[in-house]
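Here is how the chains run, residue by residue.
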Amino acid sequence: MPDHFRMFADYNRWANARLYEACATLSDAEFRADKGAFFRSAAGTLNHLLVADRIWLRRFTGQGSAPTSLDAPLYETFADLRAARAIEDQRIIDWVDTLSGADLAATISYSPVSMPGKVELPLGPLLSHVFNHQTHHRGQVHTILTALGQPSLTLDLVYFLLGDGKRWQ
């Protein structure tokens, strides 16, 4: 199982880089335009993904900053957000590379930002949630890009595996 998560961490970085490359072609107004997504815009959605990853990594590792709101603004500019995303993706990869099967089976306890109470679940399913959450919101940004007239992106895992992710085959 650890290699499965290592593959997803590598895929996550690849997909995020492709998405940010596509967003780099947008004007600032387009990047911030409310297109009806849950976090309104490409900017809001990409910010949320970074916020959520920081929250989760803080829960998992005890290190790093953890915003207290799911839409806490982190950076003013696209360039700063993009740079922070690349750093966070590498942080995820570096941490996932340390995990063993026993680590993935260990129970994690945390208090959700969005609801009161305590949650206890094994790390493996929680880490699956983190990668699934990324995919979900990348899909929303993909829709925003399409609504703005941008070309469709290929973000499927299989295309990663056939290209940059060949080592995971």
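See the structure above.
Residues numbered from 1 in each chain as written. Predicted model: local features only at pLDDT ≥ 70, side-chain atom pairs only at ≥ 80, totals over all residues. Heavy atoms only, no water.

K.L.:
In this structure, what is going on with the overall build of the protein chain? I would like to understand it.
P.N.:
Along the backbone of the protein chain there are 7 helices and 2 strands. Start at the N end of the protein chain and walk to the C end: the helices and strands fall as α-α-α-α-α-β-β-α-α. Relative to the compact-globule value of 15 Å for 169 residues, the protein chain shows a C-alpha radius of gyration of 16 Å, a close match. Projected onto its principal axes, the C-alpha coordinates of the protein chain cover approximately 45 × 40 × 25 Å. Split into buried and exposed, the 169 residues of the protein chain put 46% on the buried side. (Helix = DSSP H or I, 4+ residues; strand = E, 2+ residues; numbered from the N terminus. Rg over C-alpha atoms; globule rule 2.2 N^0.38 Å. Buried < 20%, exposed > 50% of the residue type's maximum accessible area, 1.4 Å probe, protein only.)

K.L.:
Would you explain the pattern of salt bridges in this entry?
P.N.:
Note that side chains of opposite charge can pair when their charged atoms are close. Throughout the structure, instances matching the rule amount to 10 salt bridges. A salt bridge links D3 to R6; its shortest N-O distance comes to 3.0 Å. Of this pair, D3 and R6 both sit in helix α1 (residues 2-23), 3 residues apart, which is roughly one turn of that helix. Note on R6: relative accessible area 16%, which makes it buried. Residue D89 pairs with R85 through a salt bridge whose shortest N-O separation is 2.8 Å. Taken together, the residues span about one helical turn, with D89 and R85 both in helix α4 (residues 78-96) at a distance of 4 residues. Residue classification places R85 among the buried positions, given a relative accessible area of 3%. Where salt bridges share partners, they join D3, R6 and D97 into one cluster. (Salt bridge = Lys/Arg side-chain N within 4 Å of Asp/Glu carboxyl O.)

K.L.:
Looking at this structure, how should I read the nonpolar core?
P.N.:
Side chains of a nonpolar character, in soluble globular proteins, are inclined to be buried together. In this structure, L19, C23, F31, L46, V141, L145 and F160 are the most contacted members of the largest nonpolar core, which totals 28 residues. At the level of elements, α1, α3 (42-61), α4, α6 (123-147) and α7 (157-162) are the ones that each hand at least two residues to this core. For this core, the leading source of residues is α1, giving 8 residues. When neighbours within four sequence positions are excluded, C23 is seen to be in contact with F31, A42, L46, F78, V141 and L145. In this structure, W95, L99, L123 and L127 belong to the second largest nonpolar core, which totals 19 residues. (Core = buried A, V, L, I, M, F, W, Y, C linked by side-chain atoms within 4.5 Å. Contact = heavy atoms within 4.5 Å.)

K.L.:
Please explain the packing of aromatic side chains as it appears in this structure.
P.N.:
Aromatic ring pairs are reported here in terms of the distance separating the ring centres and the angle at which the planes meet. The tally for this structure, following the rule as stated, stands at 11 aromatic pairs. Ring plane angle 70° and centroid distance 5.0 Å describe the contact between W56 and Y110, whose orientation is recorded as edge-to-face. Taken together, the residues span a long stretch of sequence, with W56 in helix α3 and Y110 in strand β1 (residues 107-110) at a distance of 54 residues. Of the two residues, W56 and Y110, neither departs from the other in class, the shared state being buried. Above the face of the W56 ring, R59 is positioned so that its terminal group lies 4.4 Å from the ring centre. (Phe/Tyr/Trp six-rings, centres within 6.5 Å; stacked < 30°, edge-to-face > 60°. Lys NZ or Arg CZ within 6 Å of the ring centre and 35° of its normal.)

K.L.:
Explain α6 to me, please; I cannot follow it from the model alone.
P.N.:
The α-helix advances 3.6 residues per turn, and as a result positions three or four apart in sequence lie on the same side. A rise of 1.5 Å per residue sets the reference length of α6, with its 25 residues, at 36 Å; its end C-alpha atoms lie 36 Å apart and thus fit the reference within 8%. Trailing α6 by a residue or two, G149 shows a phi angle of about 85°, which is positive. (Expected span 1.5 Å × (residues − 1).)

K.L.:
Hey, could you run me through unusual backbone geometry in this one?
P.N.:
With the exception of glycine, the majority of residues adopt a negative phi angle, and the majority of peptide bonds are in the trans configuration. Of note in this structure, R40 is not a glycine but carries a positive phi near 70°. Note on placement: R40 falls in the loop between α2 (28-32) and α3.

K.L.:
Could you clarify how one ought to interpret the packing of α3 against α6 in this entry?
P.N.:
The contact between α3 and α6 brings their axes to 9 Å, and the two run at 170°. Comparing the axis directions of α3 and α6 gives the class roughly antiparallel. Contacts between α3 and α6 involve A42, T45, L46, H48, L49, A52, D53, W56 and F60 from the former and L123, L126, L127, H129, V130, H133, Q134, H137, R138, Q140, V141 and I144 from the latter. Of the residues assigned to the contact of α3 with α6, the class counts are 12 nonpolar, 7 polar and 2 charged. (Axes fitted to C-alpha atoms, helices over the stretch in contact; angles between N-to-C directions. Parallel < 35°, antiparallel > 145°, perpendicular 65-115°, else oblique. Nonpolar A, V, L, I, M, F, W, Y, C, P; charged D, E, K, R; others polar.)

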